[in-house]
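Structural overview
Residue strings, one per chain:
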Amino acid sequence: IQSNAGSMLATSGSPARASSDNGTVTNDDLTVTWSKSSIVAGGIFRVFLRASGTWATVMAPTNGYYIHIGSDSKTVSLRKVTAGVHTVLGEALPWYDLSTSSHKLHFKVSGTAVQVRCWEGTEPSEWDLSVTDSDHSSGNLMFGAWSTSGSYTVTVDDLVSATVSDTFTGTD
């Protein structure tokens, strides 16, 4: 952590990973500002909620919901991993430029609702992706960065992780 922001250096074949120590959370509402130092082919940044188990692979724990953002792509996808098997739940196209500027992410898991929105500037009121799924009921916040060629740094700032007290089971 430097200047109140966390950084993860992903190098070719060597992941950068971080996990919270705030205990297991059932319903989580996460907002975070993130940026990358450069555009790297094969670069991946992931944010996990309700993550559990050990890092089963280089870039994922055994279970959880996650946002998958490619360094060289404008696509953000909402995915889950269950017993090490990955499933794409939805994708949003395109939502940000391929620059190294700061981007915002809002990721919420409450009841069976799994929602995400990404933006630059003012937060929109609509979710980019909203699905219902009941495979994971609790877990931790985790981050991961990876590169298949070259290296880059992902910086995470303005992180707010709040427990959601009112669960929602639809897709508002």
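Here the structure is a predicted model, which means the values were calculated and not measured. (Residues numbered from 1 in each chain as written. Predicted model: local features only at pLDDT ≥ 70, side-chain atom pairs only at ≥ 80, totals over all residues. Heavy atoms only, no water.)

**Describing the overall build of the protein**
For the protein, the helix and strand inventory stands at zero helices and 12 strands. Reading the protein from its N terminus to its C terminus gives the helix and strand order β-β-β-β-β-β-β-β-β-β-β-β. Counting every position in the protein, which comprises 172 residues, the buried fraction comes to 45%. Across the protein, the fraction of contacts at a sequence separation of at least 24, relative to all contacts at a separation of at least 6, is 65%. Carbon together with sulfur atoms contributes 47% to the accessible area of the protein, which is approximately 7,700 Å² in total. (Helix = DSSP H or I, 4+ residues; strand = E, 2+ residues; numbered from the N terminus. Buried < 20%, exposed > 50% of the residue type's maximum accessible area, 1.4 Å probe, protein only. Contact = heavy atoms within 4.5 Å. Areas by Shrake-Rupley, 256 points an atom, 1.4 Å probe, with all protein chains shown as cover.)

**Points about the pattern of salt bridges**
A complete count under the given rule lists three salt bridges for this structure. The shortest N-O distance in the salt bridge between D133 and K80 comes to 2.8 Å. Here D133 is found in the loop between β10 (129–132) and β11 (140–146), whereas its partner K80 is found in strand β6 (residues 76–82), with 53 residues between them in sequence. Judged by relative accessible area, D133 falls into the buried class, the value being 13%. With relative accessibility at 10%, the residue K80 sits in the buried group. (Salt bridge = Lys/Arg side-chain N within 4 Å of Asp/Glu carboxyl O.)

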